[in-house]
Amino acid sequence: MKTNRYKSSVYHKIIFAISLTVLLFIAVISVKHIKNISDSSKILMHTYEVNLELEHLFSYIKDSENSMRGYLISKDSLYLKPYQIATKNVNNSFLLLKQLTTDNPIQQRKLESLFEIINKRYEFIDNYSDTNANVDKRQNYFFKQNFKESTELLAKIRTKLNEMIALEEVYLKNRNELYKSQVFLTPILTLSIIFITLLVLIFAYYKTNKDVERLQVTNIELNKSQFLSYQAEILSEFGTWEWNLNTGKIIFSDNFYRIIGVAPQSFEANTENFNQFVHPEDIEIANQIVKKILNTQELPYSYFRIIRPDGEVRLLRATGKLFTDKLENQSILGVTEDITVEDNKTKLLQQNYDELKIFEESSKQSEILGKYGCWILNYDSLDYFYSDNQFRLLGFEPQSFHPTAEKFLESVHPEDKNIVTNAHKKAQVEQYFPTINFRVIRQDGKIRRFRTSATSFIDSTGTQSMIGTTQDVTEDFNKSLELKDRNRELEQNIKELNEFNHVASHDLQEPLRKIQTFISRINDKEKSNLSEFGKEYLSRIESASNRMRVLINDLLQYSKTSRSETTLVRTDLNDVFADSLLELSQNIEDKKAIILNTKLPTIQGVDFQMQQLFSNLLSNSLKYSKEDIVPQISLSYSEIIAKTDILIKDKSNKRFYKFEFKDNGIGFEQEHAEKIFLLFNRLHGKTEYQGTGVGLAICKKIVENHHGYIYAKSEINIGTTFIFYIPV
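Values in this document were obtained by computation on a predicted structure and should not be read as measured data.

Trainee: Break down the pairing of strand 8 (residues 436-441) for me, with residues and values.
Mentor: Remark: a regular strand shows side chains that alternate across the two faces of the sheet. Two strands pair when backbone bridges link them, and strand 8 and strand 9 (residues 447-458) are joined in this way by 6 bridges, in the antiparallel orientation. Residue pairing for strand 9: valine 440 is matched across the bridge by arginine 448. Hairpin connection between strand 8 and strand 9: a loop of 5 residues separates the two successive antiparallel strands, and glycine 445 in this loop has a positive phi of roughly 90 degrees.

Dropping the structure here:
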């Protein structure tokens, strides 16, 4: 596009030069022609003047002749005055003719000859012009002779004048013809000039119109480019500037102002005003930038910070190059970019790179500690890549050989080669690698058990690979064997425990029931025969047997809770809590307790366990209530997110129902808050408050069965709050 415009410009210049030359040539010819016409006109007029003056001369001579004759005839001196005037006019006319014929030697010679005749004639006449002379001109012989010669001289004068007039008429005729021929050419030259001028104007108009059209198209494209450049500055967060080195004037683009956080063209563009936005620590950098521009007339990449009016600190990058136009005006054209985001990304990238290096190193250490290695299979080239620890697992030094499927099979136990071979074939054909377990024989001869798994992966270039891990699971395999043995032992222990529970629930309670029966009979028939000591011992035996019965029942209940089914169903806690209140109604009535509760939710739970939880907590609050103070017990709940609660150990986004069971009892020291949930743990003596120390342990076991948490908060003589969480 630029080349076409350049050729068009040269073509226009050539056409313009040719047209101007033709016009100048025609103009020169026209000027010369006009000058010739002017000269011809002047010569023609000159000829007319000579002819006219010759006639005047002859007329003056005749006037002088007539005046002299009048004087000679009448002797009246009045005729002398016209004679003198005519004589003077003759002299003047003669002088004028001499000037007019300066360029004509022929006429000059004739004029000189005429002058001699005129002088000779005046010499005759002057003899008779004196008024004091008394001459009888009629009788004087000399007068007659002189008068006759004077008349002849007058005829000669007339002849000379006619010759000169005839010559001038010849000149006049020739010059008139020349003038007519020149005048004839004038319209032709004029029309030629007008025609050529019209052609040049038409061509100039045509080319100008074409150039205007091209200029309009170019302006449209330029406006588009300017708009795109304007938008590009905004989108790319850069601004442009121009520093005219000849005038010192600086121009900032609109987006340059936006970069520094102000409205476009809101202040005069100069270094002083711009430095007001530069970070105080980077003022020297900005000054060095100005010096570089003035000294080297260019600006390499330079970095500095600014502080926007809103207080935000931004990092800018500036660069510029020298530009010299056709008029030798020099300017520095520059670009200033806001690279704050880019710099932050670079720092983040560097940080990520450092973290990646750390991760890579930790990954290598993890491979060593976790006894696993990584490998990659490229489907296109069927090449394998092993991590360093993959080599170590096989007993080799890292990267000590080129990994291939065949090389790996050399280390596989002969009995397991088919497992590995089939897995690799499946990976290459179906691009699927199943998890396999096999044995290898290391370089040191030890047999180790490996587990390998892999998955397909497509990278950003479209290359598909298989990424896998191989782990040494020998210890896990050995532990699994031990675990199986222990599981068998555990199953045996559980079986024995079940037998113990059966004994506790039947065989142990049978003697206890007989003991209590015998105690009851002694109380009915033999108590009166016993001494006071015997009665006291009997009472102690009865109390111990009752405590033994309660303890056996609690142990059975705890065992039942631990071994209960974990299948959870929809459970309405309002019905469950109502059943617990009904179960403890007599005790509540005896204590005159006030029970308050909000409407409770429906959860996924075990009905009888949740009832036992509420019953144990109610019983605990009633048991440890204050004397002479009405017990007040409240139950409320709310729905929370795990990570927002300070007590719960789960910091995920999982939702829980948070229940608060609060009383106004005797309370306890907060340092015992965890001990109270231990089996058989009691904070008070058995003589102060009845109990076995199993109830709260059962509560904790029930909450854990529901995948929840339970805590206690208490203050002495203030009361206790049990907080437990059940998943939504």
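So, next bit.
Trainee: Mind laying out helix 7 (residues 283-296), listing which residues take part and the relevant values?
Mentor: Since the α-helix advances by 3.6 residues per turn, residues separated by three or four positions end up pointing in the same direction. The terminal C-alpha atoms of helix 7 lie 20 Å apart, and with 14 residues this matches the ideal 20 Å at 1.5 Å per residue to within 8%. Among all positions in helix 7, only Ala286, Ile289 and Ile293 are buried. Around the axis of helix 7, the buried residues are gathered within 50 degrees of arc, so they sit on the same side. For helix 7, the elements touching its buried residues are strand 1 (238-244), helix 6 (271-275), strand 3 (299-307) and strand 5 (330-338). Directly after helix 7, the chain includes glutamine 297, whose backbone phi takes a positive value near 60 degrees.

Trainee: Give me the lowdown on the pattern of salt bridges, citing residues and values where you can.
Mentor: According to the stated counting rule, one finds 19 salt bridges in the structure shown. A salt bridge links aspartate 416 to arginine 439; the nearest nitrogen and oxygen atoms lie 3.0 Å apart. Pair noted here: aspartate 416 is in the loop between helix 10 (405-409) and helix 11 (417-430) and arginine 439 is in strand 8, with a separation of 23 residues, a long-range link. We classify aspartate 416 as buried; its relative accessible area is 9%. One network of salt bridges, with partners in common, ties together Arg308, Glu312, Arg314 and Asp338.

Trainee: Quick rundown of the sheet that holds strand 8? Include the residues and the values.
Mentor: Spatially, 5 strands are ordered 7-6-10-9-8 in an open sheet, and the strand pairing comes out antiparallel. Strand pairing shows two members of the sheet lacking a second neighbour, strand 7 (384-386) and strand 8, which therefore form its edges. This sheet shows a mean twist of 30 degrees between the axes of neighbouring strands, independent of strand direction. Sheet topology note: the strand 9/strand 10 (residues 464-472) ladder contains 9 bridges and is antiparallel. Along strand 10, the bridge assignment pairs phenylalanine 450 with aspartate 472.

Trainee: Tell me about the packing of aromatic side chains, and name the residues and values.
Mentor: Tallied over the entire structure, the rule returns 23 aromatic pairs. Relative to phenylalanine 450, the ring of phenylalanine 438 has its centre 6.0 Å away and its plane inclined at 75 degrees; by these criteria the two rings are edge-to-face. With phenylalanine 438 in strand 8 and phenylalanine 450 in strand 9, the pair connects residues that are 12 residues apart, well separated along the chain. Judged by relative accessible area, phenylalanine 438 falls into the buried class, the value being 3%.

Trainee: Summarise the sheet that holds strand 4 (residues 313-324); cite the residues concerned and give the values.
Mentor: With antiparallel pairing, 5 strands are arranged side by side in an open sheet as 2-1-5-4-3. For this open sheet the edge positions go to strand 2 (250-252) and strand 3, each flanked by a neighbour on one side alone. Looking at each pair of strands side by side, their axes are set apart by 25 degrees on average, direction ignored. Note: strand 3 against strand 4, 7 bridges, orientation antiparallel. Pairing of isoleucine 307 across the sheet is with valine 313, part of strand 4. The sheet contacts of helix 7 involve strand 1, strand 3 and strand 5, and relative to strand 3 the element is tilted by about 150 degrees.

Calculation notes
- Along each chain, residues carry numbers from 1 onward, in the same order as the chain's sequence is written.
- It should be noted that, the model being predicted, local features are given only for residues of pLDDT at least 70 and side-chain atom pairs only at 80 or more, the latter also being counted only at that level, while totals for whole chains, interfaces and linings use all residues.
- Hydrogen atoms and water are omitted, and side-chain values are computed over all heavy atoms in the structure.
- Should DSSP find at least two bridges between two strands, the strands are taken to pair.
- Numbered from the N terminus, helices here are DSSP runs of H or I no shorter than four residues, and strands are runs of E no shorter than two.
- Expected span of a helix, by definition, is 1.5 Å for each gap between consecutive residues, and there is one gap fewer than residues.
- Only protein chains enter the accessibility calculation, which uses a 1.4 Å probe; a residue is then buried when its area is under 20% of its type maximum, exposed when over 50%, and partly exposed in between.
- Each direction from the helix axis to a C-beta atom contributes to the arc, which is the arc of those directions.
- Contacts: residue pairs with any heavy atoms within 4.5 Å of one another.
- Each reported salt bridge corresponds to a side-chain nitrogen of Lys or Arg within 4 Å of a carboxyl oxygen of Asp or Glu.
- Structural elements are reduced to axes, namely lines fitted to C-alpha atoms, with helices fitted over the stretch in contact, and the angle between N-to-C directions of any two is expressed from 0 to 180 degrees.
- In this analysis, rings of Phe, Tyr and Trp, with Trp reduced to its six-membered ring, are considered paired at centre separations within 6.5 Å, and the interplanar angle assigns stacked below 30 degrees, edge-to-face beyond 60, and tilted for intermediate values.

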